[in-house]
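# Architecture at a glance
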Amino acid sequence: MSNAENLIALLVAAPLLGAAVLLCGGRRLDAVGHVIGTALSTLSFVIGVVLFADMLGRGADDRAMSQHLFSWIPVEGFQADVAFQLDQLSMTFVLLISGVGSLIHLYSIGYMEHDERRRRFFGYLNLFLAAMLLLVLADNYLLLYVGWEGVGLASYLLIGFWQHKPSAATAAKKAFLVNRVGDIGLSIAIMLMFTTFGTFAFGPVLGAADEAGEGRLTAIGLMLLLAACGKSAQVPLQSWLGDAMEGPTPVSALIHAATMVTAGVYLIVRSGEIFNGAPDAQLVVTVVGAVTLLFGAIVGCAKDDIKKALAGSTMSQIGYMILAAGLGPIGYAFAIMHLVTHGFFKAGLFLGAGSVMHGMNDEVDMRKYGGLRKYMPITFVTFGLGYLAIIGFPGLSGFFSKDKIIEAAFAKGGTEGWILGGVALLGAGITAYYMTRVMIMTFFGEERWRKSAAPAEPGVAPASGEHDEPHPHESPRSMTIPMIVLAFGSVFAGGYFSIGERFVHWLEPVTGYDHGHPPVSALTVTLATMVMLVVGVGIAYVQYGRGPVPVLAPRGSLLTRAARRDLYQDDFNHVVLVRGGEHLTRSLVYVDHTLVDGVVNGTAASMGGLSGRLRKLQNGYARSYAVSMFGGAAILVAATLLMRAV
Amino acid sequence: MSFPLLTATAALPALGAIATAAVPAARRTAAKWLALLVSLATLVLALVVMVRFDPGGDRYQLTESHPWISDFGVRYELGVDGIGVALIALTALLIPFVILAGWHDADPLETHSSRWRPTQGFFALILAVEAMVIISFEATDVFLFYIFFEAMLIPMYFLIGGFGDRAHSGTDENAAAQRSYAAVKFLLYNLAGGLIMLAAVIGLYVVAGSFSLQEIAAARADGSLEMATTTERWLFLGFFFAFAVKAPLWPLHTWLPNAMGEATTPVAVLITAVVDKVGTFAMLRFCLQLFPEASKWATPAILVLALISIIYGALLAVGQRDIKRLVAYASISHFGFIIMGIFAMTSQGQSGATLYMVNHGISTAALMLVAGFLISRRGSRLIADYGGVQKVAPVLAGTFLIGGLATLSLPGLAPFVSEFLVLVGTFARYPVIGIIATFGIVLAALYTLVLYQRTMTGPVKPEVSTMPDLRVRELLVVAPLIALLIFLGVFPKPVTEIIDPAVQQTLSDVQKKDPQPEVEAAK
Amino acid sequence: MNPVNYLYLAALLFTIGATGVLIRRNAIVVFMCVELMLNACNLAFVAFSRMHGNLDGQIIAFFTMVVAAAEVVVGLAIIVSLFRSRHSASVDDASLMKL
């Protein structure tokens, strides 16, 4: 037994130290801030690799490590510790988070070069890494909650990084608030665990899950799902993710694509024993996953903003993962596998999008791109590989992971199995469609960004004079290297994981595995997926590849217009929650002022009135005072006599 | 006889108050330094109390007892349990920051005559409040407690009415009228509560024949003092009413926003972070120990009122346009949590509530004092007058954000620990109330982030474009508070260790046991 | 003679005095009526003394007379100074106590 577990805390401590130094250090560190940030994040990754090597050296059942730091909240009957647990599931996340995180730190050095607040940006990124690592390393739900909110805070700070833009500040606030709604779920789930098991440490809770009643487990499961919906942008708490694209692109890549938004999947997989005992909750999980899968895909089809299109795609891909996680032991491993491969290709895609924006004066509208492959060859190739991976091109990462999920969905059995499998299959087709659309609009076709060129559509005046024509160019090396590394991951990770079901066996001691009884053979599923893929790509090519793409968005069909507005979900929120809330608070302020305060002030006023009247008795005539004196005396005497008579 | 440590802790600021008041008019700065040094010395004494206190020892420690008004059995009896120790430490800790933050708040205006000595008065009054609050936390004689509970109002009245916030809209006369309205409202509300409590105190003496908390509680516990159910309930209500006004609990809360809005920021901190804690502390110490049965009888109603406070306070905070009133309503919401934790009657709830008192003191002080620095720069309390401060004064904005995050109970900062304990403790016994209270965390995020967004982000308003960042004195006030928030968020053990035994004893007074986890219970 | 009759007389005198205090405006007359009330009380004291057969009442009557004498001195001085400052001895003119 080595002492490797003593290193676990360092995984979190390194980036936390970075955050503290960078945020408290002041302007003196402006020149070296990005170096410190990147170095500490890389240190975390190196420690992760060391621990991974140590873990591989042990037997499959002896791999979990734990480290107890100190007792956090010791109160009678309530035990919360700061303690870490590193098993295969956590290890997977640690490597993904610190690995992709370090790459994105590197990328940000170039991307944020001209931002005067770059030191602060790296401080926030480090804070995020620390919180995210805490989230996946915690050995109890309460400590997980700390990481859970910590990533929310980092996400808030980073979405609103360009605070001077009101839209960014609003988006940040929205993200935090929607996440808080989800946090209610996590809070209540922990409280339920406490009243059910008397603890909320993973070991005792998950170990005793089968002793609790199914009703309890279902309640806990649904509450955990609510939490997962908030963090992972699942319907009905998905509305913040699109707006979160206001943040700098590296943030979108790291937090809102590769890592933080997948925390919900982690939560559900981690709590597998609870869901295994609550089939109703599992069903709801799969339904949420399936609905979001379609929702995100449809939204992704209509967006012209490249980052928002990718955000829709993220939502949809996480829908796949949640769907898989809801399937139980058949799907847990595949959910995580898709999570990892998605981490590679989606981070790569976002970094590619950032690279495009970097070269295009921060233009995000894809209708003003076109033909960029000549100008940005590295970006084109890496983005293209990410594209092939996400649509599930045979042999690339997405093909292996997504295919397995679709297969597992069918394997759930019964009508649900057919419906879920069908939805997943349909989603694969839509994915192929919208990603092809993004690809064509950005890298192929006419160069619509040229101001001097004839307008792409007759009747539309060229928008000139506002900005200089962009000069697309390839990004600096610090940005392209991470993209290349991620592209490698996008291409090979899935295949590597799938050789001999390597990934499944790696996770099996933690999540369990059940092959299920698929009603259709794996080959059929793969073929069906291929057909959907070809159809999706084909339609996109017919629509966007063969003719010119209009610079101004056409009005579009009813569905397109709805999808552009996120299927009216935001409008609903605005009318019901924002407006309704405003009216409620305003009327409550009025009530507090007039009613609650009014009762008191009214009492005071009536006392005043009464004493005003009594004051009149004091007329200053000694005789009238004498009368009251005599009268009083007479009444007293009379009363005394009367009492005696009685 | 050993050194009367508790008396010394309360007497030092009292003597300091007299000395500060006696400083000649021209030596203003000397008065400030004197007050600061006295408050720091008191902090040292409070820390000695904390160190000398043995969590595993007797319930009341460092006790002192002398006859006072022997005809009525009134004794000068002091003693602290873990809850008292924690709150004395909080009080002694916050006062130096209050003094430092109010360094220039009571400098005389040029229009005042030279004989006018506001500065001396201001700091002397603050020290007087400190002395009375500390002795309230120490008194184990009901009558002694009552006297200082009420006497506290006098210096508070002058602090609110005599030293207004210089940032106000409208004319000076208008502001003075508003201020005196707030001060009188504060006084009347609290006097009304105190009057009812006085009746209950006398009633208690008639029934029990003693004012000694320990004697009565012991007699209640071993059954030698029987109280008719109705009598107990009436007495309980008399005490509770006074404490609910002070705390404040909905619907007795309306004095707080007025008082906090009109007072200078340090005084606002004094009200909500220190003085109001006496109310919640007294619920825990007097209501539960003296009237255990009546406390249990009233629990459902009080929990509902606390729940209303939580949600109502938070909703009203969202609707405020004045920064200080917003913090006041947020405090009402937090006091709802504290009262809910006390009356949930579980270990977690009560430990959480006590911890909440400490944490709320620190977090509100941090947020409010930074808000005060902000307000003093711009001369306006209206949220709409700010915008884009983050770009001009990043350190101020950063500290403001941390204060706000503490207010919304972000995990990792101290208030989270206490809020979660309260929620868990309540949920264990009253699941529905616990769940509804959880919605308070979303509303807390809403009012905090809306406040931050409107004041700190967005385009820089021309009026704030020349705003200086935090000065050294201001940073000295804020930085230790923030450090403490983080420390107690990560490692609250030093405080919970002291509190926990006292809570266990209180629970055994009311004869309540924690509910068993379902899985255990099934076995 | 039945001593109760003295009590009736005392009550009558007291009532006359009280009525005078209440309805007359001249300070001198009011003052005399006060004296009348005092003397009515004295009469009652003496009568009670006789009825109960002890001397307490008679002693108190002496005290009353001494106090009344002192009162006359102070009272008349006040009335005189009031007359000097206001040129009137009406009690209604001295209503400064009114708010």
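Conventions and cut-offs
- Residues numbered from 1 in each chain as written.
- Chains lettered and ligands numbered in written order.
- Predicted model: local features only at pLDDT ≥ 70, side-chain atom pairs only at ≥ 80, totals over all residues.
- Heavy atoms only, no water.
- UniProt positions renumbered as here; feature names shortened; annotations may be inferred.
- Contact = heavy atoms within 4.5 Å.
- Buried area = accessible area lost by both parts, 1.4 Å probe.
- Salt bridge = Lys/Arg side-chain N within 4 Å of Asp/Glu carboxyl O.
- Polar contact = N/O pair within 3.5 Å; in protein donor to acceptor, adjacent residues only side chain to side chain.
- Helix = DSSP H or I, 4+ residues; strand = E, 2+ residues; numbered from the N terminus.
- Phe/Tyr/Trp six-rings, centres within 6.5 Å; stacked < 30°, edge-to-face > 60°.
- Buried < 20%, exposed > 50% of the residue type's maximum accessible area, 1.4 Å probe, protein only.

The name recorded for chain C in an unreviewed UniProt entry is NADH-quinone oxidoreductase subunit K, from Streptomyces mutabilis. As recorded by UniProt, the Catalytic activity (unreviewed entry) comment attached to chain C reads in full: "a quinone + NADH + 5 H(+)(in) = a quinol + NAD(+) + 4 H(+)(out)". Here chain C is described in UniProt, under the heading Sequence similarities (unreviewed entry), as follows: "Belongs to the complex I subunit 4L family."

Within an unreviewed UniProt entry, the label attached to chain B reads NADH-quinone oxidoreductase subunit M, and the organism entered is Streptomyces fructofermentans.

## Description of the interface of chain A and chain B
Of the residues lining the interface, 55 residues belong to chain A; the matching set on chain B comes to 64 residues. When chain A packs against chain B, close to 5100 Å² is buried across both sides, 70% of that on carbon and sulfur atoms. Looking only at chain A, the three residues that lose the most surface to chain B are Gln163, Arg180 and Met191 of chain A, adding up to 13% of its buried area. Connecting chain A to chain B are 1 salt bridge. Two residues, Lys391 of chain B and Glu116 of chain A, come together in a salt bridge whose shortest N-O distance is 3.9 Å. Where chain A packs against chain B, one counts 12 residue pairs in polar contact (both at pLDDT 80 or more). Taken together, the elements giving at least two residues each to the side of chain A that touches chain B come down to strand S1 (65–75), helix H5 (141–159), helix H6 (166–197) and helix H23 (569–615) of chain A. Of all the elements, H6 of chain A adds the most residues to the side of chain A that touches chain B, at 18 residues.

## What to know about the interface of chain A and chain C
Facing 10 residues of chain A, the contacting portion of chain C comprises 15 residues. The contact between chain A and chain C buries some 1000 Å² in all, and 68% of this surface belongs to carbon and sulfur atoms. Contact with chain C buries area across many residues of chain A, yet Tyr621, Arg623 and Phe630 of chain A alone supply 55% of it, more than any other trio. The tally of links from chain A across to chain C stands at 0 salt bridges. Viewed at the interface, chain C and chain A are joined by 0 residue pairs in polar contact (both at pLDDT 80 or more).

## Some words on the packing of aromatic side chains
Residues and elements named next belong to chain B. Applying the stated rule across the entire model yields 47 aromatic pairs over all chains. With a centroid separation of 5.0 Å and 65 degrees between ring planes, the pair formed by Phe122 and Phe163 is classed as edge-to-face. Placement of Phe122 in helix H4 (residues 118–138) and of Phe163 in the loop between helix H6 (153–162) and helix H7 (172–208) is noted, with a sequence separation of 41 residues between them. Neither residue differs from the other here; Phe122 and Phe163 are each classed as buried.

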